[in-house]
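Overview (structure and organization)
If you want the building blocks of each chain, they are given just below.
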Amino acid sequence: MTNLNAPPDDRFRRALIENAHPGGWRNPGCAAKYNLVIIGAGPGGLTAARAAAALGAKVALIERDLIGGSCLSIGCVPSKALIRTARLYAEMRAAENFGGQVPGQISIGFATVMERMRRIQARLSRAESARRLSELGIDVYFGEARFTGSDSVAVAGQVLRFSKALVATGARPLTPPIPGLAETGYLTNENVFNLTECPASLLVVGGGPLGCELAQAFRRFGSRVIIAQDDPTFLPKEERDAAQILSDSLARDGVEIHLNTAVVSVHVQGAQKIVDLVCDGERFSVTVDEILAGIGRAPNVESMNLEAAGVRYDSAGGIQVDDFLRSSNRRIYAAGDVCLEDKFTHAAEASARIAVRNALFMGRSRLSALTIPWCTYTDPEIAHVGLYVRQARERAIPVRTFTILMHDVDRAVTDGEEEGFVKIHVKQGSDQILGATVVACHAGEMINGLSLAISSRIGLRRLARVIHTYPTQAEAIKMAADAYMRTRRTRMLRSLSRRWLAW
Amino acid sequence: MIAQECSGSSDEELLDRFQRAAFDYFLSHSNSENGLVADTSRPGAPASIAVVGFALSCYPVGVERGWMARADAVARTLNTLRFFLGSMQSEQPDATGYMGFYYHFLDIRTGRRAWQSELSLIDTTLLLAGVLTASAYFNQDSASETEIRACAEAIYRRIDWQWAQGGATTVRQGWRPESGFLHYGWEGYSEASMLYVLGLASPTHPLPDHSFRAWTVTYQWESIYDYEFLYAGPLFIHQYSHAWIDFAGIRDRFMREKDSDYFENSRRATYVQREYARRNPYGFAGYGKNCWGFTANDGPGFKTLTIAGRRRNVFGYAARGVPFGPDDGTIDPCIALASLPFAPELALPLLRHMCASYPQMIGDSRLPSGFNPTLVGEHAAGWVSEGYFGLDQGLLVLMIENYRSRLIWTLMRTCPYIGAGLRRAGFKGGWLS
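So, how was this worked out
- Each chain carries its own residue numbering, running from 1 in the direction its sequence is written.
- Labels follow written order: the first chain is A, the first ligand is 1, and so on.
- Per-residue local features of the predicted model are confined to residues with pLDDT of at least 70, and side-chain atom pairs are confined, for both listing and counting, to 80 or more; whole-chain, interface and lining totals are unaffected and use all residues.
- Only hydrogens and water are set aside when side-chain values are computed; all heavy atoms of the structure are taken into account.
- Think of it this way: any DSSP run of H or I at least four residues long counts as a helix, any run of E at least two long counts as a strand, and we number them from the N terminus.
- Relative accessible area decides the class of each residue, using a 1.4 Å probe on protein chains only: under 20% of the type maximum gives buried, over 50% gives exposed, and in between gives partly exposed.
- Only heavy atoms matter for contacts: two residues are in contact if any of them lie within 4.5 Å across the pair.
- Methods summary: accessible areas were calculated by the Shrake-Rupley approach with a probe of 1.4 Å, and residue burial reflects only the protein chains presented.
- Only four residue types enter the tally: Lys and Arg on the positive side, Asp and Glu on the negative side; His and the chain ends are excluded.
- Every charge is mapped onto a representative atom, which is NZ of Lys, CZ of Arg, CG of Asp or CD of Glu.
- Pairing of N or O atoms within 3.5 Å defines a polar contact, subject to two protein rules: one partner must be a possible hydrogen donor and the other a possible acceptor, and residues neighboring in sequence count only if both atoms are side-chain atoms.
- What counts as a ring pair is set by centres within 6.5 Å for rings of Phe, Tyr and Trp (its six-membered ring), and what kind of pair is set by the plane angle: stacked under 30 degrees, edge-to-face over 60, tilted for all other angles.
- Comment: the charge-over-ring label is applied if NZ (Lys) or CZ (Arg) is within 6 Å of the ring centre and within 35 degrees of the ring normal.
- What gets called buried area is simply the loss in accessible area from a 1.4 Å probe that two parts show on being joined, summed for both.
- The term salt bridge refers to a pairing of a side-chain nitrogen on Lys or Arg with a carboxyl oxygen on Asp or Glu at a separation within 4 Å.
- Under the scheme applied here, ten amino acids are nonpolar (Ala, Val, Leu, Ile, Met, Phe, Trp, Tyr, Cys and Pro), four are charged (Asp, Glu, Lys and Arg), and all others, including Gly, are polar.
- For two strands to count as paired, DSSP must find a minimum of two bridges between them.
- As used here, the term nonpolar core means buried Ala, Val, Leu, Ile, Met, Phe, Trp, Tyr and Cys residues forming a set that is joined through side-chain atoms within 4.5 Å.

Next up on the list: the overall build of chain A. The secondary structure content of chain A amounts to 17 helices and 23 strands. Here the C-alpha coordinates of chain A stretch approximately 85 × 60 × 45 Å along the principal axes. Here chain A, with 503 residues, has 53% of them falling under the buried criterion. Contacts in chain A between residues at least 24 apart in sequence constitute 64% of all its contacts with a sequence separation of at least 6. Counting only carbon and sulfur atoms, one obtains 51% of the accessible surface of chain A, whose full area is about 22300 Å². One finds the centroid of the 60 positive side-chain charges in chain A at a distance of 10 Å from the centroid of its 52 negative side-chain charges.

Here's what the structure looks like:
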């Protein structure tokens, strides 16, 4: 039986621990007063600590578990490592479509898949190890942080006084209120990466990013995967065409899809879990070995004694901050998942930079000014930045969308990655980019060019003049800009052009 | 045989032949006692209320074309309307309807709910379009025709559109006695235009004005293959409401903003379909400038096949669409031909191509719901849908007629509810002026 409370204790795990929470670590003797005390050494906390220390601030960084936070231990890093191997298996199975051949049977060594994942975690943990942070002049404390007043926090028996503090404690998975689930036991992102055997069958509850990514990955590892989503589409925030393409892709992989379906109860029968589901009033059951619940995340606001510091919060929305990321205590700021709706590593890092500027240098940087893209790393990936059409129309902004299908992009065709599209939404009557959605094998890479354009106020006219390397899939962005330019050739322009050339 | 006959026929002769064959579906697959019409020609098929709506709209075409005596049309229509007015409306799970709406599928014999189907807003709307077409056409003072008009009025007035919002701003897609409202609404442009027009025009329980606006907020105006249009993938979305309403020259706020109209929009959608088939990104057999038509239709069944060394997933009845898919190589020739009013220059060559290249799939001049030449079959058409679907045949009759004589469009302009609903939705100009 797999112990899901901790990953296997191998050399990679030990290397990770040695970097992220070394045994025998001695907390530094505390300074008289810190310029900045940061609680939480995830992506937000680390970014803030590095930025503040680089500017000469006296910084304390407090972590109760592993440096690197969810992203390294139980989030983006392990999931993307698994997804890469899963994609490899999918490509091996589709070898014939690429004119290739796979000698013999494709067999999956789940243990080696997970070992690779731990090796990658260990490697990436080196860059942010406790010792390296200390070398940068950051005082690293391990232990539970508790505010003892409006300008002090206690950790491991020491009281640290601060001019400013930043809470970046992240979030954790929500427990879905499904009768029987807690008693039966279930997987979340906190323990799914501790698996040592691939479950023969897996029910994924929820069709959000994590649910879809892992449903596809485990299916590609050979699990029978059933996904139940209590909505008409996956990724309800995304455009319906994107969600439809994802749904088709999951179905092609062999994931059993149940949309508009709620999980109503769970119980155990022998070694297996019986799950009752309801779709449009019809009740049915599935029997699985494991259940992965991927519904929502709750901010980590408990146990810090925020009340003592006068920091207002609630258990659903987290720490309440203004547009400058300042809490109800003017000395205390927050960044990342503990206070943001957009719970992404890059959003945590961007908000941490704002918080440091505003806290230490009387900055007036605003959270609302950020352009935050995001991506769901399924195959194909689904990435978005800026406004959706619906959001623009709700604000009475007329929108035109320029769409390029990946099947019209040469590199996508040569790569056998033709599924998807680039949609760029512009304000009607101008070339101003309001938002964009990319569905493509490497959408996460491609969206960055569009984020750059939006944040730099580069319109489609200038984008059309940017030379893109050929052949690349990102050329789709240029093709969309070209499509926009063709609409500018009005009848009158064409007529004038013809008359000029007739000379 | 049909290949030679078609090549020697004029366009008018060809259309007459296919329209008549489609019309005959309603004579041969209906229950004369209650007017219900089978969803498909397959044995044991239940009645579909939407197909009944098409049937009611087709009878005037039959009369005008001389394929049916007016008295026969009156009798069929009256039987149908009497059934819908008199059948059980209640929360009982085996009723015919509730709150004025009707279940999607009914037992063709008893008229009770079949297949545990949902109380369907869009299918009730299509039924209602037929009811109002009959009311507009049968305008004589005879007792029967007077009763037709009275029944139609009563059926329409009884519908509680506000209840169908289920507390939301827009209307829901349906309701079940077992579980209440289906928890998805109408997102993006769809065939629901007629639904909103009739809902807004109701003299008894009208939808609020803002419901149409709330729906159109979800629209996406896209440039695809250099055609700018209000996007929807399956072609039927660009046709169903247009079978009854002539949208040429009338514009709502959205179309005024885009300097277009819904008729022009359907024309562009047709061109996008053809362009997709010409590009044929997934290399399906048959696709080309005269072989397209991607919509909600029958398919070869849900399975994975390896064809010429390539893994293909094919589907059963599914909403196929372009350019985002799903696409499994299945073409619907009916929906392509029904594009006739919008793009006859595309639809007529397509019909001739179908006759010349796939004559075996055309039985008695009737087109199937789908065929898939990528799949190996007994002939070039590959897999061919068994039997015929009432929706396809009804749409063909109406769209060919609108192309030939504009009969249905002209009739529905006289229906006060259509004009009132369009105006409340913000349509102006053209024939509404």
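Residues and elements named next belong to chain B. Within the secondary structure, S87 is located in the loop between α4 (70-86) and β2 (97-98). At 3.4 Å, the side chain of S87 forms a polar contact with the backbone oxygen of F84. Leave out the neighbours within four places in its chain, and S87 touches T96 and Y102.

Next up on the list: the packing of aromatic side chains. Tallied over the full model, the rule gives 51 aromatic pairs over all chains. Taken together, a centroid distance of 4.9 Å and an interplanar angle of 65° make the contact between F421 of chain A and F324 of chain B edge-to-face. With F421 of chain A in strand β22 (residues 421-427) and F324 of chain B in the loop between β13 (318-319) and α11 (333-337), this residue pair bridges two chains. A relative accessible area of 8% places F324 of chain B in the buried class. When the ring of Y98 of chain B is compared with that of W163 of chain B, the centres are 5.4 Å apart and the planes differ by 85°; the resulting orientation is edge-to-face. Residue Y98 of chain B is found in strand β2, and its partner W163 of chain B is found in the loop between α6 (143-158) and β6 (174-176); the two are separated by 65 residues along the sequence. For W163 of chain B, a relative accessible area of 18% puts it in the buried group. Site record: aromatic cluster; members linked through ring pairs are Y189, Y196, F212, W215, Y219, W221, F247, F254, Y262 and F427 of chain B. Lying over the aromatic face of W374 of chain A, K237 of chain A brings its terminal NZ or CZ to 4.4 Å of the ring centre. Over the ring of Y231 of chain B we find K423 of chain A, and its NZ or CZ is 5.4 Å from the ring centre.

At the junction of the two partners, chain B supplies 38 residues and chain A supplies 38 residues. Taken over both partners, the interface formed by chain B and chain A buries close to 3200 Å², and the fraction arising from carbon and sulfur atoms is 42%. The largest contributions to the chain B side of the interface with chain A come from H183, V217 and F324 of chain B, which together make up 17% of the buried area. Scanning the region where chain B abuts chain A turns up six salt bridges. For the salt bridge of E228 of chain B with R400 of chain A, the shortest nitrogen-to-oxygen distance reads 2.5 Å. Applying the counting criterion to the chain B and chain A interface returns 17 residue pairs in polar contact (both at pLDDT 80 or more). Along the lines of polarity and charge, the residues of the side of chain B that touches chain A split into 17 nonpolar, 10 polar and 11 charged. Here two bridges tie strand β21 (residues 399-405) of chain A to strand β8 (residues 221-224) of chain B, and the two strands are oriented parallel to one another. Counterpart to F402 of chain A in the pairing with β8 of chain B is S223 of chain B.

Glancing now at the nonpolar core. Core analysis: the largest hydrophobic core is formed by 186 residues, its most contacted members being F84, W244, I418 and L422 of chain B. Setting aside residues up to four positions removed in sequence, F84 of chain B forms contacts with L36, I49, V52, Y102, L106, L127, I155 and R158 of chain B.

The next subject is the pattern of salt bridges. Residue and element names in this part refer to chain A. By the definition in use, this model includes 51 salt bridges over all chains. Here R161 makes a salt bridge to D151, at a shortest N to O gap of 3.7 Å. Taken together, the residues span a long stretch of sequence, with R161 in strand β6 (residues 158-167) and D151 in the loop between β4 (145-149) and β5 (152-155) at a distance of 10 residues. The class of D151 is buried, set by a relative accessible area of 18%. Salt-bridge contacts for R366 lead to D323; the nearest nitrogen and oxygen are separated by 3.2 Å. Within this pair, whereas R366 is found in the loop between α11 (345-361) and β19 (374-376), its partner D323 is found in the loop between β17 (318-319) and β18 (332-334), the two being separated by 43 residues in sequence. In this structure D323 comes out as partly exposed when scored by relative accessible area, which is 22%. In the salt-bridge network here, residues are joined through shared partners; they are R87, R220, D253 and D379.

The next point concerns the sheet that holds β6 of chain B. Residues and elements named next belong to chain B. Strand order in the open sheet made by the three strands is β5-β6-β7, with antiparallel pairing throughout. With partners counted over all chains shown, the strands left at the sheet margins are β5 (119-120) and β7 (180-181), one partner each. For β6 and β7, the ladder comprises two bridges, and the chain directions are antiparallel. Along β7, the bridge assignment pairs R176 with G180.

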